[in-house]
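In case you want the letters, here they are:
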Amino acid sequence: MHVLILGGDGFCGWPTALHLSDRGHEVTIVDNLSRRAIDIELEAESVTPIRPIGERLRVWREVSGRDIGFVRLDLATEYERLAALLTDLRPDAVVHFAEQRAAPYSMRSVPAKRYTVDNNVRATHNLLVALVASGTDAALVHLGTMGVYGYGWSGSAPIPEGYLTVKVPTPDGDLERRILHPAHPGSVYHLTKTLDQLMFSFYAANDGLRITDLHQGIVWGTQTAQTVRDERLVNRFDYDGDYGTVLNRFLAQAAVGHPLTVHGTGGQTRAFIHLQDTVRCIEIALANPPAAGDRPKVFNQVTETHRVRDLAKLVSSLTGVATAHLPNPRKEAIENELRVSNDQFLALGLKPTSLSEGLLDECTNIAGRYRSRIDPRRIIARSVWRPGMETADDLLTDLPDAPPSRIA
Ligand code: NAD
Ligand code: USQ
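These lines cover the structure that appears in this document, whether it is placed above or below.

Definitions and cut-offs
- Residues numbered from 1 in each chain as written.
- Chains lettered and ligands numbered in written order.
- Predicted model: local features only at pLDDT ≥ 70, side-chain atom pairs only at ≥ 80, totals over all residues.
- Heavy atoms only, no water.
- Near = heavy atom within 4 Å.
- Polar contact = N/O pair within 3.5 Å; in protein donor to acceptor, adjacent residues only side chain to side chain.
- Areas by Shrake-Rupley, 256 points an atom, 1.4 Å probe, with all protein chains shown as cover.
- Helix = DSSP H or I, 4+ residues; strand = E, 2+ residues; numbered from the N terminus.
- Nonpolar A, V, L, I, M, F, W, Y, C, P; charged D, E, K, R; others polar.
- Pairing = 2+ DSSP bridges.
- Axes fitted to C-alpha atoms, helices over the stretch in contact; angles between N-to-C directions.
- Parallel < 35°, antiparallel > 145°, perpendicular 65-115°, else oblique.
- Left-handed = near helix turned anticlockwise from the far one by under 90°.
- Contact = heavy atoms within 4.5 Å.

Our focus in this paragraph is the site of ligand 1. Taken together, 28 residues lie around ligand 1, and Cys-12, Asp-31, Asn-119, Tyr-189 and Lys-193 are the ones closest in. Here an oxygen atom of ligand 1 and a backbone polar atom of Cys-12 are 2.7 Å apart. Here an oxygen atom of ligand 1 and a backbone polar atom of Ser-34 are 3.1 Å apart. Calculation on ligand 1 without its partners gives an accessible area of 830 Å², and the protein chains cover 97% of this total. Looking at the shell around ligand 1, the elements with two or more residues in it are helix H2 (34–42), strand S5 (139–145), helix H7 (188–207) and strand S9 (218–220). Residues of the shell around ligand 1, tallied by class, amount to twelve nonpolar, eight polar and eight charged.

In structure tokens form, the structure reads like this:
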């Protein structure tokens, strides 16, 4: 199968490209390298020393004997080139990762809010129009987010996979309808993912596009079976206040003895998945597309749920580093329960990697090994959800020195 990986230079896209190439698929990466440009803007770097895309691809050829194509293209602004590419390559499948994906970055300023909406909405819409206009009959798999459902909305009922059955009272009795789960975005970034969902519903119904939307939880971990094959294939690991996600951030903080930055009480419960399971889920989704005319298929791509303060406690117990409760820069529920249905992936053969299996390896082989690359000034999250919200800068100066990390 020829698969286009849009956003294939990124944290999830790069290991997916290698995984699918290793499985014998023909792979072409499309990326505008905007994520690398944002690193320069934020003066923050991946903890792991990621190599330029050209070198990554040469090394993959050396270690696997397989070629991966690369096209530098901006999906949001280069529609004609995108349509021509689809006409030229006629891919069997397209995996769409190519969006600005950090909630804090999307809230940091007016230009960042506008960029996130312009980039994400236009990228997705250009792709959908181009698939139709070029007559490309490819299965489309998109990386969405658990955050489209919001947190705390559904009480103790598990969050269903994309759709909800509702009863509408009418004078003639109740009508039963299956509707897209109501959207409760918690950031401008998450808002763009809810808009993506509507676009998918429309193009599936109107044009018969075959679309799968993966509502993914927070991805943790860095490496997969392919990225470990040569140090020059190493995957990205973000730890900074905008792009670092909570568990990876705690691991990086522990590696340099920085107190673990729990926002508020740490009562926020979120869904997680290991990167190795992400690439496997995408392979499963590609093998099980909906039929033309079906509504978009939605999978909840998560394997575990955890409360933020419990993650901090776990990392603290592994490393000896203390926890700090900081003012929460976000506008989110202080505490929430979260139960998520993920039956479809389990039924299709996913064998989840648990936190207990992979965490120690991450501590030592990634965060510990590359700790000299961590800049403590990039750790505190400074993007605030509302002007005037308190940030942790002042408070941190009052913190006692953390005991030294036990990471070797
Ligand atoms: P990332 O920022 O590391 O990768 C995204 C890639 O897309 C980058 O290489 C970037 O250069 C590229 N890109 C962005 N806009 C583009 C455009 N207009 N044209 C071409 N390329 C463009 O992000 P990631 O962590 O790999 O996330 C990938 C996808 O998965 C995102 O859509 C994100 O919303 C989703 N997701 C990620 C997580 C997570 O924890 N990382 C969790 C749930 C969902
Ligand atoms: N948090 C802390 N301390 C930190 C960082 C985060 O307590 O140092 C808290 C946040 O306040 C939040 C939770 O941890 O309550 C999760 O934050 P996060 O930055 O790990 O995740 P989030 O902003 O939700 O975004 C990430 C990815 C995004 C993806 C989303 C999946 O960046 O691309 O869509 O996870 S989900 O959360 O399921 O919507």
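Further remarks concern the sheet that holds strand S4 (residues 93–96). The parallel open sheet is built from seven strands, whose spatial order is S3-S2-S1-S4-S5-S8-S12. Each having just a single partner strand, strand S3 (68–72) and strand S12 (297–301) make up the two edges of the open sheet. For this sheet, the mean inter-axis angle between neighbouring strands, taken without regard to orientation, is 20 degrees. As defined by bridge partners, strand S1 (residues 2–6) adjoins S4 across four bridges and the pair is classed as parallel.

A word on the packing of helix H10 (residues 308–319) against helix H12 (residues 355–368). Running from N to C, H10 and H12 cross one another at 55 degrees; their axes reach a closest spacing of 11 Å. Between H10 and H12, the angle falls in the class oblique. Regarding H10 and H12, the two cross each other, and that crossing is right-handed. Across the interface between the two elements, Leu-311, Leu-314, Leu-318 and Thr-319 of H10 pack against Leu-355, Leu-359, Leu-360 and Cys-363 of H12. Residues that form the contact of H10 with H12 fall into these classes: seven nonpolar, one polar and no charged.

That's the geometry; what it means functionally is another story.
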